[in-house]
Amino acid sequence: MPSSAVRTFTDPDEYFAGIRNLQIEGFVARGEFRAELTRVDLHRLFMCRFDENLPRVMKVTPSGMRAVIVFVTDPGGPAMLTNGIEISYRQIARVGLDWEWYLRSSAPCQWGTMSLTPEDLAAAGETIIGRELVPATFARSLAPPARALSRLRALHEAAGHLAKTAPDILAKPEVARAIEQALTEAMVFCLADSRPDDVRNVQRHHARVMQRLEEVLMANPEEPLYMAELSTQVGASYWTLRDCCLEYLGMSPKRYLWLRRMNLARRALRNANAEKTTVTEIASDYGFWELGRFSVAYRSLFGESPSTALRRPPCWPKSVAKASGWP
Amino acid sequence: MPGGGTRTFLEPDHYEASLRQAQIEAVIVPRGRFKARLTWAELHHLQVLRCEEDSSRVAYVQLAPGLASVTFPVGSEALPVWRGREIQAGDIMFHSRGERLHQSTSGPFVWNVIAMDPPQLERYGRALSGGPFSWPAEGRVLQPASRLVARLRRLHAQICRLAETKSKTLSHSEVARAMEQGLIQALVACLTTARARTDGYANRHHARIMIRFEEVLAERLSRPLNVPELCELIVVSDRTLRSSCAEFLGMSPTQYVLLRRLKEVRRVLRDADPDMVNVREVAHRFGFAELGRFAGRYRATFGETPSTTLQRTPGTRFTAT
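Residues numbered from 1 in each chain as written. Chains lettered and ligands numbered in written order. Predicted model: local features only at pLDDT ≥ 70, side-chain atom pairs only at ≥ 80, totals over all residues. Heavy atoms only, no water.

Visitor: When you look at the overall build of chain B in this model, what are you seeing that I'm missing?
Guide: When helices and strands are tallied, chain B shows 12 helices and 13 strands. In summary, chain B has a C-alpha radius of gyration of 21 Å against a globular reference of 20 Å for 321 residues, a match within 12%. By its C-alpha atoms, chain B is 65 × 45 × 30 Å across when sized along the principal axes. In chain B, buried positions account for 55% of the 321 residues. (Helix = DSSP H or I, 4+ residues; strand = E, 2+ residues; numbered from the N terminus. Rg over C-alpha atoms; globule rule 2.2 N^0.38 Å. Buried < 20%, exposed > 50% of the residue type's maximum accessible area, 1.4 Å probe, protein only.)

Visitor: What am I meant to see in the sheet that holds strand 12 (residues 140-143) of chain B here?
Guide: Residue and element names in this part refer to chain B. Taken in spatial order, the eight strands of this open sheet run 1-3-4-11-6-9-12-13, and their pairing is antiparallel. Edge strands, defined here as strands with exactly one partner in the open sheet, are strand 1 (3-9) and strand 13 (195-197). Between one strand axis and the next, the sheet turns through 20° on average, direction left out of account. Note that strand 12 and strand 13 share three bridges and pair antiparallel. Paired with Q143 across the bridge in strand 13 is R195. Packed on one face of the sheet, helix 5 (residues 173-193) meets strand 4 (46-53), strand 6 (68-74), strand 9 (92-94), strand 11 (109-116), strand 12 and strand 13 and runs near 75° to strand 4. (Pairing = 2+ DSSP bridges. Axes fitted to C-alpha atoms, helices over the stretch in contact; angles between N-to-C directions. Contact = heavy atoms within 4.5 Å.)

Visitor: Please clarify how the confidence of the model for chain B should be interpreted in this entry.
Guide: Do not read the fine detail of predicted coordinates wherever pLDDT is low. Residues and elements named next belong to chain B. The predicted model of chain B averages 88 in pLDDT, with 97% of residues at 70 or higher. By mean pLDDT, the top-scoring element of chain B is helix 5 (95), and the lowest-scoring one is strand 13 (84). Reported for the predicted complex are a pTM of 0.82 and an ipTM of 0.81. (pLDDT = per-residue confidence, 0-100.)

Visitor: Help me understand the pattern of salt bridges in this model?
Guide: When the charged atoms of two side chains lie near each other, side chains of opposite charge can form a pair. Residue and element names in this part refer to chain B. This model, assessed by the stated rule, comprises 34 salt bridges over all chains. With its nearest N and O atoms 3.5 Å apart, the salt bridge here joins R270 to E11. Linking R270 in helix 9 (residues 253-271) with E11 in the loop between strand 1 and helix 1 (12-21), this pair joins segments that are 259 residues apart in sequence. Here R270 matches E11 in class, with each residue buried. Between R242 and D238 there is a salt bridge; the shortest N-O distance is 3.0 Å. One end of the pair is R242 and the other is D238, both in helix 8 (residues 238-249) and four residues apart, which spans about a single turn. Among the residues examined, D238 registers a relative accessible area of 36% and is labelled partly exposed. (Salt bridge = Lys/Arg side-chain N within 4 Å of Asp/Glu carboxyl O.)

Visitor: How should I be thinking about the sheet that holds strand 8 (residues 85-86) of chain B in this particular structure?
Guide: Note: strands within a sheet are paired through backbone hydrogen bonds, in either parallel or antiparallel orientation. Residues and elements named next belong to chain B. What the five strands build is an open sheet, ordered 2-5-10-7-8; its pairing is antiparallel. Two strands bound the open sheet, and with one partner strand each, they are strand 2 (25-30) and strand 8. Summarising the sheet, strand 7 (residues 81-82) and strand 10 (residues 100-104) pair through two bridges and their orientation is antiparallel. Directly across from W82, in strand 10, lies its bridge partner Q103. Where helix 6 (residues 201-220) meets the sheet, it contacts strand 5 (57-62), strand 8 and strand 10, and its direction lies at approximately 95° from that of strand 10.

Visitor: Before we go on, may I ask you to explain the interface of chain A and chain B in this structure?
Guide: Many authors give the size of an interface as the accessible area that is lost as the parts come together. The partner chain B presents 19 residues to the 22 residues of chain A that form the contact. Of the roughly 1,700 Å² buried between chain A and chain B, counting both surfaces, carbon and sulfur atoms make up 59%. Interface area lost by chain A to chain B is led by Y226, A228 and W289 of chain A, which between them contribute 38%. In this assembly, chain A and chain B are joined by two salt bridges. In this structure, R177 of chain B engages E223 of chain A in a salt bridge whose closest nitrogen and oxygen atoms are separated by 3.3 Å. Where the side of chain A that touches chain B is concerned, the elements lending two or more residues are helix 7 (227-234) and helix 10 (279-285) of chain A. Here the side of chain A that touches chain B gets five residues from one element, more than from any other, and that element is helix 7 of chain A. (Buried area = accessible area lost by both parts, 1.4 Å probe.)

Visitor: What is the right way to look at the state of the cysteines in this model?
Guide: In a disulfide, the sulfur atoms of two cysteines are held together by a covalent bond. As enumerated under the stated definition, the model contains zero disulfides over all chains in all. Distance from the sulfur of C244 of chain A, which forms no disulfide, to the nearest cysteine sulfur (C245 of chain A) is 6.6 Å. We classify C244 of chain A as buried; its relative accessible area is 0%. Not part of a disulfide, C190 of chain B finds its nearest cysteine sulfur in C160 of chain B, a span of 16 Å. (Disulfide = S-S within 2.5 Å.)

This is the structure:
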């Protein structure tokens, strides 16, 4: 059954949890967050459109079940960074089937995705261009022919527009089928004729380091980690980790680990009983020894003081509880 | 369990005893009245010391054989001389296993120590630098980028400040871990990127002579030693011994031997019971035949007469904060 939905979010955690089919954890820049998510599920093709008002980094763990492409939808908007590779308006990113990827924006951003199962993509390739299309194993950028890409964008936008203005029309199976056919064709043309950029060895190496880094963080979800230890556990030097983190996350590993600790402290503060513990104790548990500096940083990051967070009764959205230590 | 503290000393021996607890053997010969403060912090895999000394002195130091030690001075007007060479403000010294060296200073002076479990340091060193890393066979004076030294100093100072003012915070396992991790990263950055100052053959030769000198001295402290005797025991020419002492200690061998012997006398006088012992007897035991000359030298060195040292009760020479 075709379906569609449009939702707006003000809580980043809920937003990340609301992006379906993908397991996402992310971190949004300071400020009042607002995002709109348009989701359209046709019969076999799924698409999403995103409109975010703040820069953010997100790590996406794909299901391994769908071949996804990602692209910028706003012609005046900034380029996106997929695993540190810039995706301009003239390009699309084809993300790996089961490799984690990182999507980073440096300003308010509008972007879209489209996906098919690998089997459907292969079959569509056979029918439309007479050869099978194999899903990527590794995220890379493509530059499709301009006409194919602008047709893809136009169709994508039209479908998004319908979801907002006339969802009941979009829900009609025959309408959905027609749109799906056009979108699939555009997607196949984009993928078929574009020359993929070469993946350099250093990019593969960095991807493996990032994967290893995430494994280490996942293995210690509650525990603060620091640079020196991280380096021994990941098996990568400081400079390699620094290059990788700057490329993928737009911040140094030290900053990343610090944000992670801040988020762990925030979680502990929100869960703690104000009568049994103090901010100092919780801050110390996460390696912060200067309470004054911790409070200032906490407030500027989360918009409230740590003592307010501690006093508030522990009630919070499920999505936050689910989120791991990833900031 | 991590922890830390700070203490002030008026007696070189007590200061030495506290350094010994940190596995540093030191023989300190002060010039003038002695006052020092030791601040220490014990983290999980490393220990941190700050040694603040109010007067100039000569010290013969042996670093912990089981720990990889790094020492560095904190900016002072008069440059200290370590192992016969002036140490510049941004230099750090990466010591060999159980290294023995002379440190001489010509004014108030602060030096810092970071000592770490060697396998841990090597593990972090290799991981963070992504290259080979090992403990040097011979102590090296390193000149890291000023930015890196500044960071190392800042973290070291933070740890010391916490040891002084909030040792309870420091004993929190996670706080100790956070500080330690930061310090390790800064330390490794200094050790793996710095240029090493090369010491010439003559300097290394003189360093060996000075260690031999100390070995001879350790056995012969109770008797006066003249320079020809010393030279024979060390197996060195008079000229080389004199120039080595001038470089390493800033004084003649005779003067150094005298100061070391006076120090021994003082130790005995201080610990002795005034009813059982008299000054003449102790002076004799250490080969000071003329009591008047001995008393004059003693007073010039320590700022009090030998009998004052003997009469004082031990507790009053020691203050703890």
